[in-house]
Amino acid sequence: MRKYEVVIIVKPGEEEAINTTIAKFENIIKNTGGNVEKIDRWGKKRLAYEVKDFIDGYYTLINFTSEPATVFELERVLKITDDVLKHMVIKLED
């Protein structure tokens with residue numbers, strides 16, 4: 001198992017929609033054999049530049065451990081989810 005972190009920027013909107021989107025990615029990690037260690041919600045912040053006609057985004061950092069296959073599935077779903085403006089998955093040092 002390797003340690004990873006993912007930063008997800010979600011479209012700003014209703015809190016319930018944001019929570020549903022974040023829970024979706026948390027469940028993907030858990031259902032593919034990973035373990036979510038920490039979810040840090042940074043909240044709504046101004047973007048450095050406009051992304052998909054949005055100037056604000058809701059930032060979330062998720063720290064987790066998993067196998068590389070989990071990361072591939074997570075990135076696949078992140079890319080096709082309309083509510084996600086940007087994302088970045090980083091492998092942490094052991």
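Our structure's up above, just so we're on the same page.
Quick caveat: nothing in here was measured; it's all calculated off a predicted structure.

The rules behind each value
Residues numbered from 1 in each chain as written. Predicted model: local features only at pLDDT ≥ 70, side-chain atom pairs only at ≥ 80, totals over all residues. Heavy atoms only, no water. Helix = DSSP H or I, 4+ residues; strand = E, 2+ residues; numbered from the N terminus. Buried < 20%, exposed > 50% of the residue type's maximum accessible area, 1.4 Å probe, protein only. Contact = heavy atoms within 4.5 Å. Salt bridge = Lys/Arg side-chain N within 4 Å of Asp/Glu carboxyl O. Pairing = 2+ DSSP bridges. Axes fitted to C-alpha atoms, helices over the stretch in contact; angles between N-to-C directions. Phe/Tyr/Trp six-rings, centres within 6.5 Å; stacked < 30°, edge-to-face > 60°.

Caption draft 1: Highlighting the side chain of Asp 56. If you trace the backbone, Asp 56 turns up in strand β3 (residues 54-66). Residue classification places Asp 56 among the buried positions, given a relative accessible area of 18%. Those residues in contact with Asp 56 that lie beyond four places of it in its chain are Pro 12, Lys 44, Lys 45, Arg 46, Leu 47 and Leu 85.

Caption draft 2: Focus on the pattern of salt bridges. Under the definition given, this model contains four salt bridges. Taking the shortest distance from any N to any O, the salt bridge between Lys 30 and Glu 26 comes out at 3.1 Å. Placement of both Lys 30 and Glu 26 in helix α1 (residues 15-31) is noted, with a separation of four residues, approximately one turn of the helix. Among the residues examined, Lys 30 registers a relative accessible area of 45% and is labelled partly exposed. Two residues, Arg 46 and Asp 56, come together in a salt bridge whose shortest N-O distance is 3.4 Å. With a gap of 10 residues between them, Arg 46 in strand β2 (residues 35-51) and Asp 56 in strand β3 connect regions that are remote in the sequence. Since its relative accessible area comes to 56%, Arg 46 is described here as exposed. Through salt bridges with shared partners, a single ionic network connects Lys 44, Arg 46 and Asp 56.

Caption draft 3: Spatial organisation of the sheet that holds strand β1 (residues 2-10). One open sheet holds the four strands; their spatial order is β2-β3-β1-β4, and the pairing between them is antiparallel. Edge positions in the open sheet fall to β2 and β4 (84-91), since each of these has one partner strand only. Averaged over all neighbouring strand pairs, the angle between strand axes comes to 20 degrees, with direction disregarded. Where β2 and β3 come together, 11 bridges link them in antiparallel fashion. Along β3, the bridge assignment pairs Val 51 with Phe 54. In the packing of α1 onto the sheet, the strands contacted are β1, β2, β3 and β4, and the crossing angle to β2 comes to about 135 degrees. Packed onto the sheet, helix α2 (residues 68-80) meets β1, β3 and β4 and runs at close to 165 degrees relative to β4.

Caption draft 4: The packing of aromatic side chains, seen in detail. Summed over the entire model, instances satisfying the criterion amount to two aromatic pairs. Arranged with centres 5.6 Å apart and planes meeting at 20 degrees, the rings of Tyr 4 and Phe 64 form a pair that is stacked. Taken together, the residues Tyr 4 in strand β1 and Phe 64 in strand β3 connect sequence positions 60 residues apart. When sorted by exposure, Tyr 4 lands in the same class as Phe 64, which is buried. The interplanar angle of 20 degrees and the centroid separation of 6.3 Å between the aromatic rings of Trp 42 and Tyr 59 together place this pair among those described as stacked. Taken as a pair, Trp 42 in strand β2 and Tyr 59 in strand β3 lie far apart in primary sequence, 17 residues in all. A relative accessible area of 39% places Trp 42 in the partly exposed class. Looking at Tyr 59, the relative accessible area reads 16%, which means it is buried.

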